[in-house]
Amino acid sequence: MPGSATTARSDDETGRPGQKPGFSLGQGPGRLLVWLYGVFTVAAASRSVVQMIMDFGRAPLAYVLSAVAAVVYAFITYSLVRGGEGARRAALVCCAAELAGVLVVGTWTLVAPSAFPDATVWSDYGMGYLFIPVILPVTAMIWLRQAKR
């Protein structure tokens with residue numbers, strides 16, 4: 001009715017459309033994922049920066065792949081914190097790309113170890129990081145699919 005006061009309705013407490021009421025990707029188990037992805041962002045970024053500054057010519061492929069891993073981890077962290085359906089879908093795609101990267105690089109380091117004179121975050125399926133790089137994207141994809149419901 002014209003001239004009457006209307007109440008604005010948001011889709012959740014944060015006002016983000018497409019999100020369950022009171023639900024955030026960084027809530028519950030998502031909080032642990034945010035923390036782990038944040039730690040891995042810092043670890044991969046600092047490792048790659050130091051390696052590139054100190055001795056880039058020794059293993060440029062390994063160092064660049066570690067930097068790529070850091071960017072992927074940072075984007076997933078941001079998406080989990082941001083929340084919303086668009087961020088959930090973007091994080092899901094990035095987690096799938098991350099898993100593909102871990103599997104490809106992990107296999108590549110086993111088949112042709114001479115291509116990697118120095119390790120990456122994803123070398124040997126993340127063995128240097130207690131296999132967390134191969135477990136983390138699977139866990140995150142399960143959480144992100146669950147968050148859709």
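The coordinates are above.
Residues numbered from 1 in each chain as written. Predicted model: local features only at pLDDT ≥ 70, side-chain atom pairs only at ≥ 80, totals over all residues. Heavy atoms only, no water.

## As for the overall build of the protein chain
Okay, step 1: On a plain count of helices and strands, the protein chain comes out with four helices and zero strands.
Okay, step 2: Ordering the α and β elements of the protein chain from the N terminus gives α-α-α-α.
Okay, step 3: A buried classification covers 38% of the 149 residues belonging to the protein chain.
Okay, step 4: In the protein chain, once contacts between residues fewer than 6 apart in sequence are set aside, the share between residues at least 24 apart is 65%.
Okay, step 5: Surface exposure of the protein chain reaches about 8,300 Å², of which carbon and sulfur atoms provide 69%. (Helix = DSSP H or I, 4+ residues; strand = E, 2+ residues; numbered from the N terminus. Buried < 20%, exposed > 50% of the residue type's maximum accessible area, 1.4 Å probe, protein only. Contact = heavy atoms within 4.5 Å. Areas by Shrake-Rupley, 256 points an atom, 1.4 Å probe, with all protein chains shown as cover.)

## Considerations on the pattern of salt bridges
Okay, step 1: A full pass over the atoms with the stated rule returns three salt bridges.
Okay, step 2: For Arg 58, the salt bridge identified is with Asp 118, shortest N-O distance 3.8 Å. Of this pair, Arg 58 sits in the loop between α1 (29-55) and α2 (60-82) while Asp 118 sits in the loop between α3 (85-111) and α4 (132-148), and the two are 60 residues apart along the sequence.
Okay, step 3: According to the relative accessible area criterion, Arg 58 is partly exposed, its value standing at 42%.
Okay, step 4: Among the salt bridges present, the one from Arg 88 reaches Glu 85, with a minimum N-O distance of 2.7 Å. Here Arg 88 and its partner Glu 85 are both found in helix α3, three residues apart, which amounts to about one turn of the helix.
Okay, step 5: Among the residues examined, Arg 88 registers a relative accessible area of 4% and is labelled buried.
Okay, step 6: It is possible to trace a salt-bridge network through shared partners that takes in Glu 85, Arg 88 and Arg 89. (Salt bridge = Lys/Arg side-chain N within 4 Å of Asp/Glu carboxyl O.)

## Focus: α4
For the α-helix, the turn length of 3.6 residues means that residues three or four positions removed from each other point alike.
Okay, step 1: For α4, built from 17 residues, the straight-helix expectation of 24 Å at 1.5 Å per residue is met to within 8% by its first-to-last C-alpha distance of 24 Å.
Okay, step 2: Within the span of α4, buried status applies to Pro 133, Leu 136, Pro 137, Ala 140, Met 141, Trp 143, Leu 144 and Ala 147. Along the long axis of α4, the arc covered by the buried residues comes to 165°, so they all point the same way. For α4, exposure combined with an orientation more than 90 degrees from the buried face picks out Ile 142 and Arg 145. (Expected span 1.5 Å × (residues − 1). Arc of directions from axis to C-beta.)

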